[in-house]
Amino acid sequence: MNDKKIEQLKENYLNTRIPEELEFMVIKAIKKSKLNESKKNRKFKCLKVAGTSLAASLALFIIGINTSSVFAQTMLKVPLVGNIVEVLTFREYSLDEDTYNANIKVPAISGLENKDLENSLNEKYLQDNEKLYAQFKEEMEDMKENGGGHLGVDSGYIIKTDNDRILSIGRYVVNTVGSSSTIFKYDTIDKQKEVLLTLPSLFKDDSYVDIISENIKNQMLEQHSADENKYYWVRGIEEEGFVELFEKISIEQNYYINSDNKLVISFDKYEVAPGYMGVVEFVIPTECIADILVGDDYIN
Amino acid sequence: MSISKKQIAEYVIEEKENHYRLAYSYVRNVDDALDIVQESIYKAFSSIDSLKEPKYMKTWYYRIIVNNAIDFLRKRKRLILVDDEVLASYNPAMDDSYQNFDLQKALNDLPEKYRSIIILRYFEDLKIEEVAEILGRNVNTVKTQLYTALEKLRININDLE
């Protein structure tokens, strides 16, 4: 390594003038990234703590009754319509302040005879959203101190399926800081048996993880070859080493059952594809999982 | 073990000048180089999960910078239909402060695929394998391109190895 020419070129390179604003800019970019990142990582980690602070949630229920006419109606409806299960907006938080916007709708399920299930779901919904709103306010204050910016959070729910047997409810959180991130979280209930259906509970054993993952990978490749704008982080499309490639769904992967009784696997924005693809969903053909399903009650 | 945000932040602050130099070597303009450094930080934080082990931090991060810089050049090419020669002549960075103007010009005029290798291999002192990783090319391709690049600069390979 002692060629003079290379040495000279290297010297030129190392003599590149470093602008004074570099340091300031780097620190600012890190701050901004951390702010963004904490939003993306938020997900629904608080699920685990649901049910811990009974006293706090009791207080909130009382506030709920006092302040929300919807809630009052919900309470009234239970005895009137018997065991008709329904989902209503329990509380709403909203904040609209120039560049800071929050709109959070908290769903509540009613009409289940199984009150343990109903309460635990409703408590979870309430706590997640309480936390979401508190975090939003905290970030907003932080941003105001750091010279302002745009911040938005939009959270609500959609009923994916509501038939005689199945209720699939999807809650979403859209965070906006420059670009946006979207998180979906589904709950599926068997309305007749009144149980929460987890993904593993639908299958005889764990083999579904591999079978579904393979099917999804094939769907990704097929979609990409039909339309190259459909881009997924999967072997065969994205090269290895840079982004984490999709290998397998998780045991408790987000899913719901659609109105055609098909299993739909859902991925959050950025989970398996670049941001422009948004939230991506794959309908799993029933014939590919029929052998390993516990029964054909839900999926057929 | 995954990488913490704090580790990335520390690395980015520590290495900011190297990152800036690398970005600058592509775009040769202060504002654009700063933009690339900034974009790379955002990109790094948002794709933190793709970095598995701390020891790959440098190649991982360099790859982000290089990709950002190349993307940027592509966009700029689309915006301004001026060939590189003319562009370079507008560029205040191509000033006379270099000791060896012709040699520097020869390097600047090298197509990007060759120049990247020279910069990463000799100025950043990275191993061929690391250069290949950063550029997303295979090791043999990088070796061949390195020799071609040196030939184009009329640098005697034997002096280097």
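See the structure printed just above.
Note that the structure is a prediction, hence the values are computed from the model and not measured.

Student: Can you help me understand helix α6 (residues 208-226) of chain A in this one?
Tutor: In an α-helix, one turn spans 3.6 residues; hence positions three or four apart end up facing the same way. All names here are of chain A. Taking 1.5 Å as the rise per residue, α6 with 19 residues should run 27 Å; its terminal C-alpha atoms sit 27 Å apart, in good agreement. Every buried residue belonging to α6 is among Tyr208, Ile212, Ile216, Lys217 and Met220, and all of these are buried. Seen from one end, α6 has its buried residues packed into an arc of 155 degrees, which puts them on one side. Exposed positions of α6 whose direction lies more than 90 degrees from the buried face are Asp210, Glu214, Glu222, Ser225 and Ala226.

Student: Just to check I follow, could you spell out the nonpolar core for this structure?
Tutor: Within soluble globular proteins, side chains that are nonpolar tend to cluster in buried spots. In this structure, Tyr255, Leu263 and Ile265 of chain A are the most contacted members of the largest nonpolar core, which totals 47 residues. For this core, the element with the most residues is helix α5 (residues 115-145) of chain A, which contributes six residues. There are two domains that each give this core at least three residues, and those are domain 1 (31-197) and domain 2 (201-292) of chain A. With residues near it in sequence (within four places) discarded, Leu263 of chain A still touches Tyr255, Ile257, Ile284, Ile289 and Ile299 of chain A. Among the nonpolar cores identified, the runner-up in size contains 45 residues, and Tyr26, Val66, Ala132 and Ala149 of chain B belong to it.

Student: Sorry, what's going on with the interface of chain A and chain B here?
Tutor: Many authors give the size of an interface as the accessible area that is lost as the parts come together. Taken together, the 29 residues of chain A in the interface contact 38 residues of chain B. Elements with a contribution of two residues or more to the side of chain A that touches chain B: α1 (4-14) and α2 (21-40) of chain A. Counting residues per element, the side of chain A that touches chain B draws most heavily on α2 of chain A, which supplies 11 residues. Here the residues of the side of chain A that touches chain B are counted per class, giving 13 nonpolar, seven polar and nine charged.

Calculation criteria
Residues numbered from 1 in each chain as written. Chains lettered and ligands numbered in written order. Predicted model: local features only at pLDDT ≥ 70, side-chain atom pairs only at ≥ 80, totals over all residues. Helix = DSSP H or I, 4+ residues; strand = E, 2+ residues; numbered from the N terminus. Expected span 1.5 Å × (residues − 1). Buried ≥ 20, exposed ≤ 12 C-beta atoms within 10 Å, placed from the backbone. Arc of directions from axis to C-beta. Core = buried A, V, L, I, M, F, W, Y, C linked by C-beta atoms within 7 Å. Domains from an automatic or database assignment. Contact = placed C-beta atoms within 7 Å. Nonpolar A, V, L, I, M, F, W, Y, C, P; charged D, E, K, R; others polar.

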